[in-house]
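A structural walkthrough
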Amino acid sequence: MLRSLTIRDFVIVDRLELEFQAGFGALTGETGAGKSILLDALGLALGGRGEAAMVRAGRERADVAAEFDLPAEGSLLAWLREQDLPAEEGMVILRRTIDAGGRSRAWINGSTVTLAQLRAAGEWLADIHGQHAHHALLRADAQRALLDAYAGAVPLAAEVGALHREWQRLVRLRREAEADSASSARERELLAWQLRELDELGFEAGEWEETNLEHSRLSHAAGLIEGADETLAVLGEGDMAVCSILRHLDSRMAALADYDAGLADVRELLSAAAIQADEALHALRRYRDRLDLDPQRLAEIEQRIAAVMDMARKYRVAPEQLPELREQWAARLATLEATADPQRLAQEEGAARAAFDAAAARLSAMRAPAARRLSDEITDAMQTLAMAGGRFDVALEPCEPAPSGVETVEFRVAANPGQALRSMAKVASGGELSRIGLAIQVMSSRDSAVPTLIFDEVDVGIGGRVAEIVGKLLARLGKDRQVLCVTHLPQVAACADWQWRIAKREQAGETISEVVVLDGEGRVEEIARMLGGVSITATTREHAAEMLGQR
């Protein structure tokens, strides 16, 4: 569950450090006080969209950190280890910053992560249902995604999509092979000839630099020999050889340094010079032994350079790019050869189609019973949400094979007794859609493994007895997991296990949002405010106390 949330300089929040409880918690307050802002901040920590406007006016950055319980075993712990991220014992901390320029940074347990990694971790920890989530249920893709999530078929649905794409790729290749067999054959023949030509040249990556270095050495061999011989003569030949003179001077200074320690530094410098000159002499002798005039090798190198240059000019590339060009041609030839046999491609296409059909059949087998269960559960919920006699149905209709499978998913509803089931997008009124959408969100969340569920004014459009039923529904959901709900309805807030009031106040000319943890008396006052508006009477307080006592 969510343990704490720390917010700094986020919209109208200066600094908040919130400690959360288990069960069902209600966040209430006047419109515009900042209730939804708290959930926006939490959404940012979970990997949601961030923007510069989230930074409080005049501040450099907004900073949000959320601490959650981390189960000792489970998918999230395994994922953290797989990502080589620290798995703190018993907790996971998600942190996000947004600076005034809109740049974002993210951390998990103190380690820098990508936004995708932060979002992936957040999906295991909390699920936020926004104010307008029910409107998304009018889209066919959202309906299909919800059913697949309810059925536990999301991984299989992704597999079906991938198999369909592979099948269609092979269909396109086979058709191209059938339509372009003549032109493909000509291109294959040309590429094969060009590759043979490059293979005969045998030019490899890195060879160009080595060849030019060798050419430079061979073409200047005479000068190199003359210079080496001259230097060898000066260093090591005759009575006036540099190496001999330095050794003599070193010996002389060593003897004199015995009488005057002030010469020790001079003697040390001469000794080093003698050693280095001797090393230079031996190294130059080894070099000179290998150095020789080789006109034949020079001619070979020049011929090689000319051949490479001719090939590079022919194909209009730099000489060092010839190996890369060969790789490109080889890859293109491999592709053409793969598509040169329509019969083989047809066999691969058939195998891909069979794999798709098998996976799609498994997906259909998971969707059908889940659709019946979801239909029955939402229909039952409608009876308690002031839609007695209404019906809900998840219709599965066969369709042509598609990335989503071999059936369409459509939510259909009959809001009143005797009405025929029709597409929810066409017949549900605003209030009906709100109630049905809330029922779907609660029912689908009930089977979710996510430990924290957050509802942001999803009860809009309902009231009275229905609001009380919704509150009790959320309270039952809070028995198994942590539930947070932003609400304006006293009936819903009264069903909560705990309640916070969010308010605005002025501080140094700025508007600041603050959170007040309500005790029993505070809850009575807040519920009374929600019931009675500006003027709160003793009767309103009695009614509020009665509502809280009926939980």
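Residues numbered from 1 in each chain as written. Predicted model: local features only at pLDDT ≥ 70, side-chain atom pairs only at ≥ 80, totals over all residues. Heavy atoms only, no water.

1. Topic: the packing of aromatic side chains
As a reminder of what qualifies: Each Phe, Tyr or Trp ring, with Trp reduced to its six-membered ring, pairs with another whose centre is within 6.5 Å; inter-plane angles below 30 degrees give stacked pairs, above 60 give edge-to-face pairs, and intermediate values give tilted ones. Note on conventions: DSSP H or I runs of at least 4 residues are helices, E runs of at least 2 residues are strands, and numbering of each starts at the N terminus. Burial status follows relative accessibility: with a 1.4 Å probe on protein chains alone, a residue under 20% of its type maximum counts as buried, one over 50% as exposed, and anything between as partly exposed.
Applying the stated criterion across every chain yields a total of seven aromatic pairs. Ring plane angle 65° and centroid distance 5.3 Å describe the contact between F392 and F411, whose orientation is recorded as edge-to-face. On the criterion of sequence distance, the pair formed by F392 in strand β9 (residues 391–402) and F411 in strand β10 (residues 405–414) is long-range, its members being 19 residues apart. Look at F392 and you get buried, because its relative accessible area is 3%. F411 sits in the buried class, given a relative accessible area of 0%. Relative to W500, the ring of W498 lies with its centre 5.1 Å away and its plane at 50°, an arrangement referred to as tilted. The class of W498 is buried, set by a relative accessible area of 5%. Taken together, F20, W498 and W500 form an aromatic cluster joined through their ring pairs.

2. Thoughts on the sheet that holds strand β13 (residues 482–486)
Heads up, the condition is: By this definition, two strands are paired if DSSP reports at least two bridges between them. All axes here are fitted lines through C-alpha atoms, helices being fitted over the stretch that makes contact, and every angle between N-to-C directions spans 0 to 180 degrees. Residues count as neighbours in contact if any of their non-hydrogen atoms are within 4.5 Å of one another.
Here we have six strands laid out as an open sheet, ordered β8-β12-β13-β3-β14-β15, and mixed in their pairing. Pairing within the sheet leaves two strands with one partner each, and these edge strands are β8 (126–129) and β15 (510–517). Direction aside, the axes of adjacent strands within the sheet are offset by 20° on average. Most of the contacts of helix α19 (residues 520–532) go to strand β14 (residues 498–507), to which it runs at about 75°, and overall it touches β3 (24–28) and β14.

3. Section: the pattern of salt bridges
Selection criterion: Here, a salt bridge means any side-chain nitrogen of Lys or Arg that lies within 4 Å of a carboxyl oxygen of Asp or Glu.
This model, assessed by the stated rule, comprises 28 salt bridges. Among the salt bridges present, the one from R59 reaches D9, with a minimum N-O distance of 3.6 Å. Of the two residues, R59 is situated in the loop between α1 (35–45) and β4 (61–69) and D9 in strand β1 (residues 2–10); the sequence distance between them amounts to 50 residues. Taking relative accessible area as the criterion, R59 reaches 28% and is therefore assigned partly exposed. Of the charged contacts, one joins R95 and D63 as a salt bridge, the two residues approaching to 2.7 Å between their closest N and O atoms. Of this pair, R95 sits in strand β5 (residues 91–99) while D63 is found in strand β4, placing the two residues 32 residues apart along the sequence.

4. A closer look at the pairing of strand β6 (residues 104–108)
Pairing between β5 and β6: five bridges, direction antiparallel. Counted as the bridge partner of R96 is A106 from β6. Counting the residues that bridge the hairpin from β6 to strand β7 (residues 111–113) gives two residues, and of these N109 lies at a positive phi of roughly 50°.

5. Here's the deal with the packing of α19 against helix α20 (residues 538–549)
Inclusion rule: Take the far helix as the reference: if the near one is turned anticlockwise from it by less than a right angle, the crossing is left-handed, and if turned clockwise, right-handed. Any residue outside Ala, Val, Leu, Ile, Met, Phe, Trp, Tyr, Cys, Pro, Asp, Glu, Lys and Arg is labelled polar, Gly included; the first ten of those are nonpolar and the last four are charged.
Close contact between α19 and α20 brings their axes to 8 Å; oriented N to C, the two are set at 115°. Viewed along their axes, α19 and α20 form a crossing whose handedness is right-handed. Across the interface between the two elements, R523, V524, E525, I527, A528, L531 and G532 from α19 touch T540, R541, H543, A544, A545, M547 and L548 from α20. Among the residues making up the contact of α19 with α20, the classes are represented as eight nonpolar, three polar and three charged.

6. Observations regarding the sheet that holds β5
If you walk across this open sheet you meet the six strands as β2-β1-β4-β5-β6-β7, and the pairing is antiparallel. Both outer strands of the open sheet, β2 (13–19) and β7, are each paired with one neighbouring strand and no more. Between one strand and the next, the sheet's axes are offset by a mean angle of 15°, whatever the strand orientation. Pairing geometry for β6 and β7, over three bridges, is antiparallel. The residue bridging A106 from the neighbouring strand is V113, located in β7. Its contacts with the sheet put α1 on β1, β2, β4 and β5, and the angle it makes with β1 is roughly 105°.

7. What to know about the nonpolar core
To keep things clear, this is the line we draw: Definition used in this section: a nonpolar core is a set of buried Ala, Val, Leu, Ile, Met, Phe, Trp, Tyr and Cys residues joined via side-chain atoms within 4.5 Å.
Grouped together as the largest cluster of nonpolar side chains are 68 residues, with contacts concentrated most on F24, I378, F392, F411, I436 and L474. At 12 residues, helix α14 (residues 342–384) tops the list of elements feeding residues into this core. Ignoring any residue separated from it by four or fewer positions in sequence, one finds F24 in contact with G471, L474, A475, G478, V483, C485, V492, C495, A496, D497 and W498. The next biggest cluster of nonpolar side chains, apart from the first, holds 47 residues, and it includes I7, L27, V64 and I454.

8. Concerning the environment of R3
When you line up the elements, R3 lands in strand β1. For the pair R3 and A66, spaced 63 residues apart in sequence, the C-alpha separation works out to 7.6 Å. Leave out the neighbours within four places in its chain, and R3 touches L18, E19, F20, E67, F68 and D69.

9. With respect to the packing of helix α2 (residues 75–82) against helix α3 (residues 115–125)
To be explicit about the condition: For classification, angles of less than 35 degrees are called roughly parallel, those exceeding 145 degrees roughly antiparallel, those between 65 and 115 degrees roughly perpendicular, and all remaining angles oblique.
Contact pair α2 / α3: the axes reach a minimum separation of 10 Å and the direction vectors enclose 165°. Here α2 lies roughly antiparallel to α3, going by the angle between them. For the pair α2 and α3, the crossing hand works out as left-handed. Note on element contacts: α3 touches α2 through Q117, A120, A121, W124 and L125, opposite S75, L76 and W79. Classifying every residue of the contact of α2 with α3 by side-chain character gives six nonpolar, two polar and no charged.

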